[in-house]
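Next come the chains, spelled out residue by residue.
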Amino acid sequence: MSTPARASEEAALVLFSGGQDSATCLAWALARFGRVETLGFDYGQRHAVELECRETLRDGLRAQNPLWKERLGMDHTLALGALGDISETALTRNAEIAMEKDGLPNTFVPGRNIIFLTFAAALAARRGIRHIVTGVCETDYSGYPDCRDDTIKAVQVALNLGMDSRYVLHTPLMWIDKAETWKLAEELGGAPLVSLINQESHTCYLGDRGTMHPWGHGCGECPACALRRAGWEEYVAEKTDA
């Protein structure tokens, strides 16, 4: 995939959790920007094991592509324990995953993506970075309102007004589903990248790394595992039919 000339001279900051979506976004950014840094958040999430997957994924990306190795810069992790402290959710408490009366799953952490993007912009200001990449999506997701395109556009406007800047928030996955996310990974890095993300990224909300399924590690039952499994099976089926 070709890189726009201007973008290849600029830097990007990728919100990188260690999951399938953010790993795909990191490869997407490495294909476009001349310098790419990563940012993870420790907010007391039950699946904090995802943070341990990040360096393995970064090492794998470096090994797969000499240009990506050259472009991949610093990794940052921010502790946001206060977010976990105030969040009564199944992502930050040992609670059964269920739907709430308002129609949202109790895995929704209120304000999480808005807070993440605000901290990312503050770090980007210090690092001299204008482009911020996040893996949010409203096509194939759990219904979180802060993953919607309108929310991200509104946050971009607020950040640029409040910080007197010209940040660009990129959402490469916004309008594609999980099967198409696997296809995007294949387009970016072929079978080796698909294999790396499949084996080394983490999506399961319960933090299960003990069971390896065809689609990756996970409990196999939580909403995150269900989405990942369905996307993988559709991706494999379409490759088989082609």
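These figures come from a predicted structure and were not determined experimentally.

Trainee: Quick question: what am I supposed to make of the pattern of salt bridges here?
Mentor: Pairing between side chains of opposite charge can happen when their charged atoms approach one another. Evaluated as defined, the whole model comprises 11 salt bridges. In this structure, Arg130 and Glu10 form a salt bridge, with 3.3 Å as the shortest nitrogen-oxygen distance. Of the two residues, Arg130 sits in the loop between α5 (112-127) and β4 (131-133) while Glu10 sits in the segment before β1 (11-15), which places them 120 residues apart along the sequence. One salt bridge in this structure joins Glu37 and Arg127, with 2.7 Å as the shortest N-O distance. Of the two residues, Glu37 sits in strand β2 (residues 35-42) while Arg127 sits in helix α5, which places them 90 residues apart along the sequence. Three or more residues joined by partner-sharing salt bridges are found here, namely Glu55, Arg58, Asp59 and Arg62.

Trainee: When you look at the sheet that holds strand β3 (residues 72-79) in this model, what are you seeing that I'm missing?
Mentor: Working definition: the strands of a sheet are paired by backbone hydrogen bonds and lie parallel or antiparallel to each other. Spatially, five strands are ordered β3-β2-β1-β4-β5 in an open sheet, and the strand pairing comes out parallel. A strand with exactly one partner marks an edge of an open sheet, and here the two such strands are β3 and β5 (168-170). Within this sheet the neighbouring strands show an average axis-to-axis angle of 25°, counted without direction. By the bridge criterion, three bridges tie β4 to β5 in an arrangement that is parallel. Each residue of the ladder has a partner; that of His131, found in β5, is Val168.

Trainee: Sorry, what's going on with empty space enclosed by the protein here?
Mentor: In this approach, a probe sized like a water molecule rolls over the atoms, and the result shows the empty space that is left. Throughout the structure, instances matching the rule amount to one cavity of 30 Å³ or more. Counted as a void, the largest cavity has a volume near 700 Å³. Taken together, 33 residues line the largest cavity, and the ones lying closest to its centre are Ser17, Asp21, Arg112, Gly135 and Tyr205. Those elements that provide at least two residues to the lining of the largest cavity are α1 (20-30), β2, α5 and α8 (223-241). Of the residues that constitute the lining of the largest cavity, the class distribution is 14 nonpolar, 13 polar and six charged.

Trainee: Explain helix α2 (residues 49-64) to me, please; I cannot follow it from the model alone.
Mentor: For an α-helix, the turn length of 3.6 residues means that residues three or four places apart are oriented alike. In this model, α2 (16 residues) spans 24 Å end to end at C-alpha, consistent with the 22 Å of a helix rising 1.5 Å per residue. What α2 keeps buried is the set Val49, Glu50, Leu51, Cys53, Arg54, Leu57, Arg58, Gly60 and Leu61. Turning to α2, the residues buried within the fold contact α1, β2, α3 (66-71), β3 and α7 (178-200).

Trainee: Could you clarify how one ought to interpret the packing of α1 against α7 in this entry?
Mentor: Working note: a packed helix pair is described by the angle between its axes plus the distance between those axes. In contact at an axis separation of 10 Å, α1 and α7 are set at 70° when each is read in the N-to-C sense. Relative to α7, α1 is oriented roughly perpendicular. The hand of the α1/α7 crossing is left-handed. On the side of α1, the interface is formed by Gln20, Asp21, Ala23, Thr24, Ala27 and Trp28, while α7 contributes Lys178, Thr181, Trp182, Leu184, Ala185, Leu188, Leu193 and Ile197.

Trainee: In this structure, what is going on with unusual backbone geometry? I would like to understand it.
Mentor: If a residue is not glycine, its phi is most likely negative; likewise, a peptide bond is most likely trans. Backbone geometry at Asp164 places phi at a positive 50°, although glycine is not the residue there. If you trace the backbone, Asp164 turns up in the loop between α6 (149-162) and β5. Asp164 sits in the exposed class, given a relative accessible area of 70%.

Trainee: I would appreciate a short explanation of the environment of Trp175 in the present structure.
Mentor: Counting through the fold element by element, Trp175 comes out in the loop between β5 and α7. A relative accessible area of 55% means that Trp175 is categorised as exposed. Taking C-alpha positions, Trp175 is 5.4 Å from Thr139, a pair spaced 36 residues apart along the chain. If we ignore the near neighbours within four places in the chain, the residues touching Trp175 are Glu138, Thr139, Asp149 and Glu180.

Criteria and thresholds
- Residues numbered from 1 in each chain as written.
- Predicted model: local features only at pLDDT ≥ 70, side-chain atom pairs only at ≥ 80, totals over all residues.
- Heavy atoms only, no water.
- Salt bridge = Lys/Arg side-chain N within 4 Å of Asp/Glu carboxyl O.
- Helix = DSSP H or I, 4+ residues; strand = E, 2+ residues; numbered from the N terminus.
- Pairing = 2+ DSSP bridges.
- Axes fitted to C-alpha atoms, helices over the stretch in contact; angles between N-to-C directions.
- 1 Å grid on protein atoms, 1.4 Å probe; cavity = no way out; pocket = protein on both sides within 12 Å on 5 of 7 lines; lining within 4 Å.
- Points joined across faces, edges and corners; volume = space filled by probe spheres on them.
- Nonpolar A, V, L, I, M, F, W, Y, C, P; charged D, E, K, R; others polar.
- Expected span 1.5 Å × (residues − 1).
- Buried < 20%, exposed > 50% of the residue type's maximum accessible area, 1.4 Å probe, protein only.
- Contact = heavy atoms within 4.5 Å.
- Parallel < 35°, antiparallel > 145°, perpendicular 65-115°, else oblique.
- Left-handed = near helix turned anticlockwise from the far one by under 90°.

So far we have only geometry, and geometry alone does not tell us how the molecule works.
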